[in-house]
Amino acid sequence: MASTERGRPDGRQARWDRHNQERRQQIIDAALAVIEAGEPGAEVQVQQYAEQAGLSRTVIYRHFADRADLDRAVQTAIVEGLAAELLPAVTLDGTIPEIVGRVVRTYVDWATTHPALHHVAEQDTSLDGSGPLQQGIERIAAQVVEVITTAVDLLDLEVSEDERAALDPLVFGLVGAVFGAVRRWMAKPEQTPPAPLLVALTTDSVWFILQGHARSLGLELRSDQPIEQLLEQASAAVDAAARVETSDLVDLPPARVEGPR
């Protein structure tokens, strides 16, 4: 019997499921190793994956519906690896240019270290343009939106509902532009300008946009000012305003109470 009377899988079924998951991961790991060892854009056969994994093609196709299913699983694994590198860099530590530069530099370093994996990741064969790389970009952009929204709230900025709602598409556009710039740079036969200059120019472009939007909200940002310091100043300003309001209330003359006439 394959399951218990309550419908939960028994021990044999659980072991079989675990075996299938491990075998599927073994195939994906083999595919990543084969791709990594080759040149960007080189044609790779499923037989190469099979040989690397020590399996037959037949076994591989027991775990994937077809080549497209296998390729998508490999792309997803590549993007997850990239996201694991990028997401820890999306924090409020440092100045804004340092934060942006940290994220851009992490992506450029990963792409130049793994050019063949990067080439495979950017191949979007989905009909609606929602391949693994696009999904990864959206995941990273969503975290950036969360960080910026947190900063806006901590700074107690007067942001309208429409402006707050616009943060999402604007940030997604910025993140997509950074990815697009690096992908275009990686596609060039000779990667010029050199990576450090690309990182610097891309960082400056994002910084100028963020600085301009902040100014429109009445917030003057400095490139040398750590976010932590900016938040401390904002908190002090809020506390000072609260003390002024309390003082005004204390200084009000007592209400005049008139007796019956």
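Everything here concerns the structure above.
Keep in mind it's a predicted model, so treat the numbers as computed, not measured.

Caption draft 1: Up close: the pattern of salt bridges. This model, assessed by the stated rule, comprises five salt bridges. One salt bridge connects R183 with E122, and the closest N-O pair in it is separated by 3.4 Å. Residue R183 is found in helix α8 (residues 161-187), and its partner E122 is found in the loop between α6 (115-121) and α7 (132-154); the two are separated by 61 residues along the sequence. The closest approach of N and O atoms between R215 and E220, which form a salt bridge, is 3.2 Å.

Caption draft 2: Structural view of the side chain of T95. Along the chain, T95 falls in the loop between α4 (67-86) and α5 (96-113). Relative accessible area serves as the criterion here: at 6%, T95 is assigned to the buried category. Apart from the residues lying within four places of it in its own chain, the contact partners of T95 are S223, D224, Q225, P226 and I227.

Caption draft 3: Up close: unusual backbone geometry. Note the cis peptide between T192 and P193, where omega equals 0 degrees. If you trace the backbone, P193 turns up in the loop between α8 and α9 (195-216).

Caption draft 4: View of the nonpolar core. Formed by 66 residues in total, the largest nonpolar core has its most connected members in Y49, I60, L70 and F179. Residues contacting F179, with those up to four places away along its chain left out, are L82, L86, Y107, L133, I137 and I140.

Caption draft 5: A look at the side chain of H118. Locating H118 in the fold gives a position in helix α6. Owing to a relative accessible area of 3%, H118 belongs among the buried residues under this scheme. For H118, the residues in contact, after removing those within four places along its chain, are Y107, W110, A111, R183 and M186.

Caption draft 6: Representation of the environment of P97 in the model. Relative to the elements of secondary structure, P97 occurs in helix α5. As for P97 and S205, which are separated by 108 residues in sequence, their C-alpha atoms are 9.9 Å apart. Discounting residues that sit within four places of it in the chain, P97 has contacts with T203, W207 and S223.

Caption draft 7: The arrangement of the packing of helix α1 (residues 11-37) against helix α2 (residues 46-53) in detail. Close contact between α1 and α2 brings their axes to 8 Å; oriented N to C, the two are set at 110 degrees. Classified by the interaxial angle, the pair formed by α1 and α2 is roughly perpendicular. Regarding α1 and α2, the two cross each other, and that crossing is right-handed. Listed contacts from α2 to Q26, A30, A31, A33, V34 and I35 of α1 are Q48, Y49, Q52 and A53. Split into classes, the residues belonging to the contact of α1 with α2 amount to seven nonpolar, three polar and no charged.

Caption draft 8: The environment of Y61, seen in detail. Looking at the secondary structure, you find Y61 in helix α3 (residues 57-63). For the pair Y61 and V46, spaced 15 residues apart in sequence, the C-alpha separation works out to 9.6 Å. In contact with Y61, not counting residues within four places along its chain, are V46, D66 and R67.

Caption draft 9: Inspection of the packing of α4 against α7 at higher detail. Running from amino to carboxyl end, α4 crosses α7 at an angle of 25 degrees, the nearest separation of the two axes being 9 Å. Judged by the inter-axis angle, α4 sits roughly parallel to α7. Here the hand of the crossing between α4 and α7 comes out right-handed. Here R72, Q75, T76, V79, A83 and L86 of α4 lie close against α7, whose contacting residues are P132, L133, Q135, G136, R139 and I140.

What counts and how
- Residues numbered from 1 in each chain as written.
- Predicted model: local features only at pLDDT ≥ 70, side-chain atom pairs only at ≥ 80, totals over all residues.
- Heavy atoms only, no water.
- Salt bridge = Lys/Arg side-chain N within 4 Å of Asp/Glu carboxyl O.
- Helix = DSSP H or I, 4+ residues; strand = E, 2+ residues; numbered from the N terminus.
- Buried < 20%, exposed > 50% of the residue type's maximum accessible area, 1.4 Å probe, protein only.
- Contact = heavy atoms within 4.5 Å.
- Core = buried A, V, L, I, M, F, W, Y, C linked by side-chain atoms within 4.5 Å.
- Axes fitted to C-alpha atoms, helices over the stretch in contact; angles between N-to-C directions.
- Parallel < 35°, antiparallel > 145°, perpendicular 65-115°, else oblique.
- Left-handed = near helix turned anticlockwise from the far one by under 90°.
- Nonpolar A, V, L, I, M, F, W, Y, C, P; charged D, E, K, R; others polar.

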